[in-house]
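Each chain, letter by letter, is given below.
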Amino acid sequence: MKILISNDDGYQAPGIVALYESLRALPGVSVEVVAPEHNNSAKSNALTLHSPLYVHTAPNGFRYVNGTPADCVHIALTGLLGYRPDLVVSGINNGANMGDDTIYSGTVGAAMEGYLFGIPAIAFSQTEKGWAHLDAAGQMAAKLVAQLLPSLPEAAERALPWLLNVNIPNVPAESLRGFKVARLGRRHAAEQVISQTNPRGDTMYWIGSAGAAKDDTEGTDFHATAQGYATITPLQIDLTDHERLPYWAPTAVQLSAELRHPAASTPGTPA
């Protein structure tokens, strides 16, 4: 089995090193890293289209790219590797990717790029920043990947990839209660922007911190991780609000009628 690893914290981040070491120890597995040169947190699925991208190799064999997490996986899958991996894994991220975080997350973006190419993918994150108990997170990641490896040939044969978002509490291995499947919670709006004045007198702005949990009820990733579980959340790409399609249908009909008969629909125009 061939696994491609990427992340958004950069190729030198402790999280990606821990993930690499834990996965390459699995029997029958070969692992390769293609990751960003620098921290690319909150880059989501962004691709670099108007600047050249360069690939370099670090002394430890990791390859790194002067681009986004999605760039790294995209380049790897469209020519750099020379083969199609069986699994794309991203992380381990320095901090949670729960609830609304998944929209912005470069960690999830890297995994999603693999999924868009039809390859099963997993995004791993720790719930708190600072890398505490990273060894335990690596062990949990390896356990999950080992469990899923036998299912990869069937996923490839049936062209049914999956995308998992996994968050692991920063606690010792003996304190982790196991895995729990959970839905995404919700966050409150982000904190206020922080403004400062630079030495030239110009005003500069820093994006504020993520909002606190808004929906952390039972069944959410926020609730389960607070109880000591690593959460598994299956994600999908379809953003369509299927329940609201009938609600918007009359609007489309009305607009279409106005386009066909503009005079009759203009306010104040005699019929």
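Per chain, residue numbering runs from 1 following the sequence as it is written. Residues qualify for local features only when their pLDDT is at least 70, as the model is predicted, and side-chain atom pairs are given and counted only at 80 or more; totals for whole chains, interfaces and linings, by contrast, use all residues. Working from all heavy atoms in the structure, the side-chain values ignore hydrogens and water.

A. View of the layout of surface pockets. Grid spacing is 1 Å over the protein atoms alone, the probe is 1.4 Å, and a cavity is where that probe fits but cannot get out, while a pocket is an open set with protein on both sides within 12 Å along at least five of seven lines and lining residues have an atom within 4 Å of a point. Grid points are joined across faces, edges and corners, and a volume is the space filled by probe spheres set on the points. As a volume, the largest pocket reaches approximately 900 Å³. Looking at the largest pocket, it is lined by 35 residues, and the ones nearest its centre are Ala 96, Asn 97, Asp 101, Arg 187 and Ala 210. Of all the elements in the fold, those that place two or more residues in the lining of the largest pocket are helix 3 (101–104), helix 4 (106–116) and helix 7 (221–226). Each helix is a run of DSSP H or I of at least 4 residues and each strand a run of E of at least 2, with the numbering of both proceeding from the N terminus. Per-element tally for the lining of the largest pocket: the top contributor is helix 7, with four residues. Lys, Arg, Asp and Glu make up the charged group, whereas Ala, Val, Leu, Ile, Met, Phe, Trp, Tyr, Cys and Pro make up the nonpolar group; the residues left over, Gly among them, are polar. A per-class count over the lining of the largest pocket returns 11 nonpolar, 16 polar and eight charged. Around the second largest pocket sit 13 residues that line it, and Thr 102, Ile 103, Leu 184, Gln 236 and Leu 239 are the ones nearest its centre.

B. Seen up close, the pairing of strand 11 (residues 203–206). Note that strand 10 (residues 194–197) and strand 11 share four bridges and pair antiparallel. Looking at strand 11, one finds that Gln 196 is bridged to Met 204. Whether two strands pair comes down to DSSP finding at least two bridges between them. Linking two consecutive strands that pair antiparallel, namely strand 10 and strand 11, is a turn of five residues; a positive phi of about 90° is found at Gly 201 within it.

C. Looking closely at the nonpolar core. Residues grouped as a nonpolar core are buried Ala, Val, Leu, Ile, Met, Phe, Trp, Tyr and Cys residues, joined through side-chain atoms within 4.5 Å. For each residue, the accessible area found with a 1.4 Å probe, counting protein chains only, is set against the maximum for its type, and the residue is called buried under 20%, exposed over 50%, and partly exposed in between. Core analysis: the largest hydrophobic core is formed by 38 residues, its most contacted members being Ile 3, Ile 5, Leu 23, Phe 124 and Val 145. Looking at this core, the elements that each hand over two or more residues are strand 1 (2–6), helix 1 (14–24), strand 2 (30–36), strand 5 (87–93), strand 6 (121–126), helix 5 (134–148), strand 7 (163–168) and strand 13 (230–235). Of all the elements, helix 5 adds the most residues to this core, at nine residues. Whether two residues touch is decided by their heavy atoms; if any such pair falls within 4.5 Å, the residues are in contact. When near neighbours in sequence (up to four residues on either side) are disregarded, Ile 5 contacts Ile 16, Leu 19, Tyr 20, Leu 23, Val 31, Glu 32, Val 33, Val 34, Val 89 and Gly 91. Ala 110, Ala 111, Met 112 and Tyr 115 belong to the second-largest nonpolar core, a separate cluster that totals 19 residues.

D. Just the sheet that holds strand 6, in detail. Reading across from one edge, 3-4-2-1-5-6-7-13-8 is the order of the nine strands in this open sheet, with mixed pairing throughout. One side of each edge strand has no neighbouring strand; the edge strands of this open sheet are strand 3 (55–57) and strand 8 (179–181). Put simply, the sheet's adjacent strands are angled 25° from each other on average, direction ignored. Where strand 8 and strand 13 come together, three bridges link them in parallel fashion. In the strand pairing of strand 13, Val 181 is matched with Ile 232. Where helix 1 meets the sheet, its contacts fall on strand 1, strand 2, strand 5 and strand 6, and the angle it forms with strand 5 comes to roughly 135°. Lines fitted to the C-alpha atoms define the axes, with helices restricted to the stretch that makes contact. Angles between their N-to-C directions range from 0 to 180 degrees.

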